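# Reading the structure
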Amino acid sequence: MPDDVTAASVAAPNDLSALWMPFTHNRAFKREPRLFVGAKDMHYVTPDGRKVLDATAGLWCVNAGHGRPRIVAAIQRQAAELDYAPSFQLGHPLAFELALKLRALLPGGLDQVFFSNSGSEAVDTALKIALAYQRACGQGQRTRLVGRERAYHGVGFGGISVGGMGNNRRSFGPLLPGVDHIRHTHDPAQRFTRGQPERGAELADDLERLVAVHGDTIAAVIVEPVAGSTGVLPPPKGYLERLRAFCDRSGVLLIFDEVITGFGRLGAATAAERFAVTPDIMTLAKGITNAAVPLGATAVSGRVHDAIVEGAAPGIEFFHGYTYSGHPLAAAAGLATLETYAEEQLFGRAAELSGAWETAVHGLARAPHVIDVRNLGLTGALDLEPRAGAPGARGAEVFGRCFDDGLLVRATGDTIALSPPLIISEAQIAEAVEKLGKAIAATP
Ligand SMILES: Cc1ncc(COP(=O)(O)O)c(C=O)c1O
């Protein structure tokens, strides 16, 4: 794998004041900014020309590594040929082509694709499709949505309503009405589990309890097959199967949010394939274009699509869409990305590497303050014991030490998450773990 980093030629700006940054401690960042000006394959480049090993694939999204020539060329070509085509009542060929390619990649039955621009939009789209489906089936009383504690489904009002991370919800009022949550699957009694926890499948029965309370008013349940942003929580063995079986019995639609787990992260095209459990609706984003151009997608079964589209009166069947749904640059990037994944067999590569990855990540189990390690596919997370009176401080310091030492990890509170590009070498896995171990050891 070529690993030469392009020279950083962009000077860092000296006035950062106008930009309000997302999910950032803005005041701290502006006192001590961290910028990237270049990236190639496994590395970012800082303004002073330092290489930083990317152990997070950006934000869980650059699955094929940075600056991949086929994707770069496709975007450049497309920008010159057709910069934009209206997405309502008009189209352009690449969006249709990408939808077909996705259909071929996704588990059988998920054969209709609706494009958006982000994971958040893919989630809102999925929730709206679920409600519209139930109504189209004469089940208009099914208006409730069920999410899960600790879930992250982006930042739209739909996504934070079904999401379960308190900080992301608390400033924003009552959110969507009629939303309930099942329990998360993290079990402190099963710490340092390699892969899926043995116990906990019965947590899926929470949905049954909600149906006992709410009757036939629940439209859909949405889960991340592996909860990512909250700190990598692989599903207990049998959990997703149990959720699927209950949805089949009860008429509740099952939505998998595969924004992180899609495109090879777990060593298969999707988590649905990895776990052999197919949802009715699946959300995708991030790795769909290797993050080179924003794109979200919501894939649905023919049954769901046909109920809404085939059963509608003549005219627009579904009043939803985005100016940039299936944008030409995103579609070009998506096609080139899928070709890159296929040509380099990156999903299989992730599966092959996952054993070495698991061993390496769990090698940090005895590092100071580490109270749990989890992994699945090419994801991993370490929980650090929060410092008394200063939750998150230890995680932030470890992140900073890693960065200064040339390693990018992700800190969410005191959890350090890892999700490298699928092109990572075994030597780079060793380097990442060694640097992370050093940073943890140096952090009081
Ligand atoms: C599972 C999941 N869903 C949705 C999103 C939101 O995606 P975006 O930030 O592209 O809106 C994310 C982002 O991390 C995610 O992890």
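To keep things clear, this report deals only with the structure shown in the data block. On a predicted model such as this, the values are computed, not experimentally measured, just so you know.

## Looking at the sheet that holds strand β5 (residues 144-148)
To summarise the sheet geometry, strands pair through backbone hydrogen bonds and adopt either a parallel or an antiparallel arrangement. Read from one edge to the other, the open sheet built from seven strands follows the order β4-β10-β9-β8-β7-β5-β6, with strand pairing classed as mixed. Only two strands of the sheet have a single neighbouring strand rather than two, namely β4 (110-116) and β6 (179-182). Strand-to-strand twist of the sheet, defined as the mean angle between neighbouring strand axes without regard to direction, takes the value 20 degrees. Two strands pair when backbone bridges link them, and β4 and strand β10 (residues 296-301) are joined in this way by six bridges, in the antiparallel orientation. Bridged to L110 within β10 is S301. Where helix α9 (residues 239-250) meets the sheet, it contacts β5, β6, β7 (218-223) and β8 (253-257), and its direction lies at approximately 150 degrees from that of β8.

## A look at the sheet that holds strand β14 (residues 410-412)
The four strands are arranged β11-β12-β15-β14 in an open sheet whose pairing can be described as antiparallel. The sheet is open, and its two edges are formed by β11 (370-376) and β14, each paired on a single side. Strand after strand, the sheet turns through a mean of 20 degrees between neighbouring axes, direction not considered. Direction of pairing for β14 relative to strand β15 (residues 415-418): antiparallel, over a ladder of three bridges. By the bridge assignment, T412 is partnered in β15 with T415. Packed onto the sheet, helix α13 (residues 346-362) meets β11, β12 (379-384) and β15 and runs at close to 175 degrees relative to β11. Contacting β12, β14 and β15, helix α14 (residues 393-404) crosses the sheet at an angle of about 125 degrees to β12.

## Some thoughts on the packing of aromatic side chains
Inspection of the entire model under this criterion finds eight aromatic pairs. Centre to centre, the rings of F263 and Y341 are 6.2 Å apart; their planes meet at 25 degrees, and the pair counts as stacked. With F263 in the loop between β8 and α10 (271-275) and Y341 in helix α12 (residues 328-343), the pair connects residues that are 78 residues apart, well separated along the chain. Here F263 falls in the buried class, since its relative accessible area comes to 1%. Feature note: the residues F36, Y44, F399 and F403 constitute an aromatic cluster, connected by ring pairs.

Thresholds, definitions, all that
- Residues numbered from 1 in each chain as written.
- Predicted model: local features only at pLDDT ≥ 70, side-chain atom pairs only at ≥ 80, totals over all residues.
- Heavy atoms only, no water.
- Pairing = 2+ DSSP bridges.
- Helix = DSSP H or I, 4+ residues; strand = E, 2+ residues; numbered from the N terminus.
- Axes fitted to C-alpha atoms, helices over the stretch in contact; angles between N-to-C directions.
- Contact = heavy atoms within 4.5 Å.
- Phe/Tyr/Trp six-rings, centres within 6.5 Å; stacked < 30°, edge-to-face > 60°.
- Buried < 20%, exposed > 50% of the residue type's maximum accessible area, 1.4 Å probe, protein only.

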